[in-house]
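Each chain, written out:
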Amino acid sequence: MKEQGPVSEMNIGVADILPRVGDRKRLMGSAQVVVGDGYDVAFLPGDGVSWDLRITRITGGIEISGRISGSVTLECSRCLEDFDQPVDLRVREHALWFGSEDIEPGDDFAQEYLVLDGTLDLLPVLRDAICLSFPSRRVCSEQCRGICSVCGVNLNLEQCGCTREQVDERLKPLLELKKRMEKGNT
Ligand SMILES: [Zn+2]
Ligand SMILES: [Zn+2]
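Residues numbered from 1 in each chain as written. Chains lettered and ligands numbered in written order. Predicted model: local features only at pLDDT ≥ 70, side-chain atom pairs only at ≥ 80, totals over all residues.

Student: Quick one: what's the story with the nonpolar core, residue by residue and with numbers?
Tutor: Core analysis: the largest hydrophobic core is formed by 22 residues, its most contacted members being V14, I55, I62, I64, V115, L120 and L126. Listed by contribution, the elements that provide at least two residues to this core are β2 (24-35), β3 (41-58), β4 (61-75), β5 (82-98) and α2 (123-132). Contact partners of I55, with chain neighbours within four places excluded, come to I12, V14, L18, R24, K25, L27, I62 and I64. (Core = buried A, V, L, I, M, F, W, Y, C linked by C-beta atoms within 7 Å. Buried ≥ 20, exposed ≤ 12 C-beta atoms within 10 Å, placed from the backbone. Helix = DSSP H or I, 4+ residues; strand = E, 2+ residues; numbered from the N terminus. Contact = placed C-beta atoms within 7 Å.)

Student: Can you tell me about the pairing of β3, naming the residues and giving the values?
Tutor: Alignment of β2 against β3, held across 12 bridges, turns out to be antiparallel. Within β3, the position partnered with V34 by the bridge is A42. By the bridge criterion, 10 bridges tie β3 to β4 in an arrangement that is antiparallel. Each residue of the ladder has a partner; that of R57, found in β4, is I62. (Pairing = 2+ DSSP bridges.)

Student: Summarise the pairing of β5; cite the residues concerned and give the values.
Tutor: The pairing of β4 with β5 spans 15 bridges and is antiparallel. For R67, the partnering residue across the bridge sits in β5 and is R90. Where β4 hands over to β5, the hairpin turn is made up of six residues, of which L80 adopts a positive phi near 70°. Sheet topology note: the β5/strand β6 (residues 113-116) ladder contains four bridges and is parallel. Note on β6: the bridge partner recorded for W97 is V115.

Student: Before we move on, can you summarise the environment of G29 with the specific residues and values?
Tutor: Tracing the backbone through its elements, the reader meets G29 in strand β2. Judged by local crowding, G29 falls into the partly exposed class, with 18 C-beta atoms found within 10 Å. For the pair G29 and D52, spaced 23 residues apart in sequence, the C-alpha to C-alpha distance is 6.9 Å.

Student: Let's hear about the environment of D128: which residues, and what values?
Tutor: Among the secondary structure elements, D128 is positioned in helix α2. With 87 residues separating them in the primary sequence, D128 and V41 have C-alpha atoms 9.5 Å apart.

Student: Provide a residue-level description of α2, including the pertinent values.
Tutor: Regarding α2, the residues found buried are V125, L126 and I130. One face of α2 carries all of its buried residues, which in axial projection span an arc of 115°. For α2, the secondary structure elements touched by its buried residues are β2, β3, β4, β5 and β6. (Arc of directions from axis to C-beta.)

Student: Any chance you could break down the confidence of the model for the protein for me, citing the residues and the numbers?
Tutor: Confidence along the protein averages 86 in pLDDT terms, with 89% of residues attaining 70 or more. When pLDDT is averaged over each helix and strand of the protein, the minimum, 77, is found for helix α3 (residues 172-185) and the maximum, 95, for β4. Scored below 50 in pLDDT, residues 1-6 shows six contacts in the model against residues more than four places distant or in partner chains. (pLDDT = per-residue confidence, 0-100.)

Put into structure tokens, the structure is as follows:
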């Protein structure tokens, strides 16, 4: 997924468009947001999620605020089927302004958003905001019955008659893997 590259307008040349403190600009865009496990997120061309942001030059950085809305496709952790998770949230973040000459080897900016050499990378701001908005348990519905741990059928769609009590819970990851591979082949 990563090879397909991000959508085009993620790197914003803020040094040019916001030359002075107090300058601001509206920034709109959209992408199809594809979510894998955890924070593995790809932004592909599309319009599943839209953002309408205002970026403001402040002393020492950029303020990013506005709204992100739409929907993201997630995989249900019980039945492994895809489902639409609505996204509707407000963001207000700051990115610190740095030149590459300011950064010493070993500096840890992993927790920070940065404007590096005049360019703001919007992707981590959007990615974090969207991921943090997800419920901690990703399920298609509270009533989801999951997959049979013996034969792997989706129990929301059919009954299989397996005796599931006897199945070792430790086998479950293998059955989920089998189901994923079958999904990948279709
Ligand atoms: Zn489900
Ligand atoms: Zn079964």
